[in-house]
Amino acid sequence: MQIKSICCIGAGYVGGPTMAVIAKQCPEIQVTVVDTNHARINDWNDDDLNNLPIFEPGLAEIVTEVRGKNLHFSTEVDKAIDEAEMVFISVNTPTKTYGKGKGMAADLKYIELCARQIGRVAKSDKIVIEKSTLPVRTASAIKSILDNTGNGVQFQILSNPEFLAEGTAIQDLLHPDRVLIGGNTSTKEGEQAMQALVEIYENWVPKEKILTTNVWSSELSKLTANAFLAQRVSSINAMSEICEKTGADVQEVSKAIGMDSRIGPKFLNASVGFGGSCFQKDILNLVYIAKSYGLNEVADYWEQVIIMNDHQKDRFSDNIVSTLYNTVSGKKIGFLGWAFKKNTNDTRESAAIKVADNLLNEQAYIAVYDPKVKAEQIYKDLEYIGSRSLEENKKYLEVFDNPYEAMKDTHGIAILTEWDEFKEYDWEKVYQQMKKPAFLFDGRGILNKKEIENIGFVYYNIGLGN
Ligand code: NAD
Ligand code: UDX
């Protein structure tokens, strides 16, 4: 079965880049990415590539190459489903904010809406692919909806979770560590559907990196991978606090343990706390699944990863307050970075949001600079937390286009994101413009302590004892 047309529902951080890469690598396949968000689709179609809704290194180049040829962005969801042989579901699966499982379970309402829409529209057999991250066993719910609402056509459900990380999405998609495809291995149709998807990836991914499993293993592997990655960050962050008390240096500890081939060097950077749309949501979901099976010890074990992460964010802002003589009321604090990591404009669950909220509660005045995040988004993030009105947030938090302006006259500077450009700043100039003593709180460990202290700063680095 050679696929000629693909539809992807959801033009977000996963749907957009993933489909752009499939279109680039498979010129014979027509790929249409659809979304109900008209503004987002307009941005994807904008001639000015600076207006693409997502910033990812390398993405604009691929969009230029394939958009209008075999990659299309549209709001005509029914039409795209109807025309496709393969439908990827790539919609958001946020944490539930209401009802049973509130604050923990994944909210599957968007997934269900997609399944019902596919069932209603499809007039020919289709392969339906879970690209979104979903609780284990969701495929059976999708199948049940499709089989009971469809027009008598056949649906094969596959799980094909996405492992890209933001900021490196294009490289991750072009050179994935592995591609995981879960399906029904016990029927001929199930095998054929898996093979059809395998063949798409084989256009650019080496065979041995394409892994096929049963559908439940595939769904659960995605949650497991994110839990393991987040756990490493929380583990090193836990050690960072011990380092600060004992005079050890967490970067030296990371290096020392990372050279053990059983541990490995990646994901051992202590930080102000992990953010992003996935880690917290997926671990909470895992905790909820464990609890729903009565596995309370398993649930407690994974929940601790989140508890540690919340602690790390609070501890960072607490340290700013206590270092600035126990009050930041009326003091200007400069924020370098708002995105949850470098090379993305995504701010979901960014540590900066919580740190800012804590400091605003202490009546600080915050001046933010981020190279890619717009002011509008920053105010939206604070509004979502809901501690203050938009008016108050605008009064106490200002967003700057120029980092030196943001850092001028500050009592302290906090580095919240590890953007490369921060390392290149004229820190001597920054120091001259600050109130003294000039405090610098490096939540990402990106500056050189000796150099910074030689300038005159009082420097605090996550996980660096004195
Ligand atoms: P996103 O919020 O950026 O995009 C989702 C899009 O789906 C939105 O534009 C929304 O308007 C659209 N949508 C929702 N319901 C729809 C419907 N019924 N019809 C049409 N469009 C609809 O989300 P994302 O970051 O791309 O994540 C999508 C999924 O992928 C989530 O399950 C997430 O956990 C998973 N994931 C995300 C990442 C990541 O780095 N962001 C990585 C791997 C997996
Ligand atoms: C993550 C997973 O890595 C990816 O496989 C999955 O598909 C989606 O979730 P993402 O959240 O985009 O990707 O970025 P990631 O690089 O994992 O970083 C997550 C957070 O952890 C960021 O805030 C980052 O700054 C932080 N982090 C990461 C650390 O604090 N220290 C580290 O050593 C690594």
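Before any of the text, the structure's been laid out above.
The sections below set out a description of the structure shown in this document.

Each value, and the rule that gives it
Residues numbered from 1 in each chain as written. Chains lettered and ligands numbered in written order. Predicted model: local features only at pLDDT ≥ 70, side-chain atom pairs only at ≥ 80, totals over all residues. Heavy atoms only, no water. Phe/Tyr/Trp six-rings, centres within 6.5 Å; stacked < 30°, edge-to-face > 60°. Helix = DSSP H or I, 4+ residues; strand = E, 2+ residues; numbered from the N terminus. Buried < 20%, exposed > 50% of the residue type's maximum accessible area, 1.4 Å probe, protein only. Lys NZ or Arg CZ within 6 Å of the ring centre and 35° of its normal. Pairing = 2+ DSSP bridges. Axes fitted to C-alpha atoms, helices over the stretch in contact; angles between N-to-C directions. Contact = heavy atoms within 4.5 Å.

Turning our eyes to something else, we now look at the packing of aromatic side chains. Aromatic ring pairs are reported here in terms of the distance separating the ring centres and the angle at which the planes meet. Under the criterion given, the structure shown has 16 aromatic pairs. Taking 6.5 Å as the distance between ring centres and 50° as the angle between the ring planes, the aromatic pair formed by phenylalanine 316 and tyrosine 460 counts as tilted. Within this pair, whereas phenylalanine 316 is found in helix H12 (residues 296-323), its partner tyrosine 460 is found in strand S14 (residues 458-461), the two being separated by 144 residues in sequence. For the pair formed by phenylalanine 316 and tyrosine 460, the shared burial category is buried. On the numbers, 6.0 Å between centres and 45° between planes, the contact of tyrosine 425 with tryptophan 427 is tilted. Grouping residues by exposure puts tyrosine 425 and tryptophan 427 together as buried. Here the aromatic cluster, defined as three or more aromatic residues joined through ring pairs, consists of Tyr404, Phe422, Tyr425, Trp427, Tyr431 and Phe457. Against the face of tryptophan 216 rests arginine 137, its NZ or CZ located 4.1 Å from the ring centre. Sitting above the plane of the tyrosine 431 ring, lysine 436 keeps its charged end 4.6 Å from the centroid.

Strands sit in the order S11-S10-S9-S12-S13-S14 across an open sheet of six strands; the sheet is parallel. Strands at the two margins of the open sheet, each flanked by one partner only, are strand S11 (397-399) and S14. Adjacent strand axes in the sheet meet at a mean angle of 20° when their direction is disregarded. Alignment of strand S13 (residues 439-442) against S14, held across four bridges, turns out to be parallel. Bridge pairing in S14 places leucine 440 opposite tyrosine 459. Set on the sheet, helix H13 (residues 351-361) makes contact with strand S9 (332-336), strand S10 (365-369) and S11; between it and S9 the angle comes to about 175°. Helix H14 (residues 375-385) contacts S10 and S11 of the sheet and is inclined by roughly 155° relative to S11.

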